[in-house]
Amino acid sequence: MTDDGQLIVRLGELRTEHRDLDAAIVALGEGGVADQLQLARLKKRKLRLRDEIAQIEDQLIPDIIA
């Protein structure tokens with residue numbers, strides 16, 4: 001598999017985990033008395049995933065000099 005292929009696979013995995021975390025955050029928030037520490041950890045992880053997704057997308061999309 002090429003480097004781009006590996007990046008695309010990893011990107012799909014990260015997006016799936018990001019979606020799952022989003023659902024977990026919503027479910028935890030709707031549960032009434034939410035564990036604020038756990039909620040903060042999930043949100044922090046979600047932000048890290050978003051940053052990693054953006055980094056991989058930047059690697060896959062070549063810079064265009066205007």
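Cut-off values and rules
- Residues numbered from 1 in each chain as written.
- Predicted model: local features only at pLDDT ≥ 70, side-chain atom pairs only at ≥ 80, totals over all residues.
- Heavy atoms only, no water.
- Axes fitted to C-alpha atoms, helices over the stretch in contact; angles between N-to-C directions.
- Helix = DSSP H or I, 4+ residues; strand = E, 2+ residues; numbered from the N terminus.
- Parallel < 35°, antiparallel > 145°, perpendicular 65-115°, else oblique.
- Left-handed = near helix turned anticlockwise from the far one by under 90°.
- Nonpolar A, V, L, I, M, F, W, Y, C, P; charged D, E, K, R; others polar.
- Salt bridge = Lys/Arg side-chain N within 4 Å of Asp/Glu carboxyl O.
- Buried < 20%, exposed > 50% of the residue type's maximum accessible area, 1.4 Å probe, protein only.

Visitor: Sorry, what's going on with the packing of helix α1 (residues 3–30) against helix α2 (residues 36–60) here?
Guide: Helix packing geometry: the angle between the two helix axes and the distance between the axes. Packing of α1 against α2 brings their axes to within 9 Å, and their N-to-C directions diverge by 155°. Relative to α2, the element α1 lies roughly antiparallel. With respect to the hand of their crossing, α1 and α2 are arranged in left-handed fashion. In terms of residue class, the contact of α1 with α2 is made up of 14 nonpolar, three polar and 11 charged.

Visitor: Hey, could you run me through the pattern of salt bridges in this one?
Guide: Once their charged atoms are close, side chains differing in charge can pair, the charge on each being opposite to the other. Taken as a whole and judged by the stated rule, the model has five salt bridges. Notably, a salt bridge pairs E13 with R10, separated by 3.6 Å at the nearest N-O pair. Within this pair, E13 and its partner R10 are both found in helix α1, separated by three residues, close to a single helical turn. You can call R10 partly exposed: its relative accessible area is 33%. A salt bridge links E57 to R15; the shortest N-O distance between them is 2.3 Å. One end of the pair, E57, is in helix α2; the other, R15, is in helix α1, and 42 residues separate them in sequence. E57 gets classed as partly exposed once you look at its relative accessible area, which sits at 26%.

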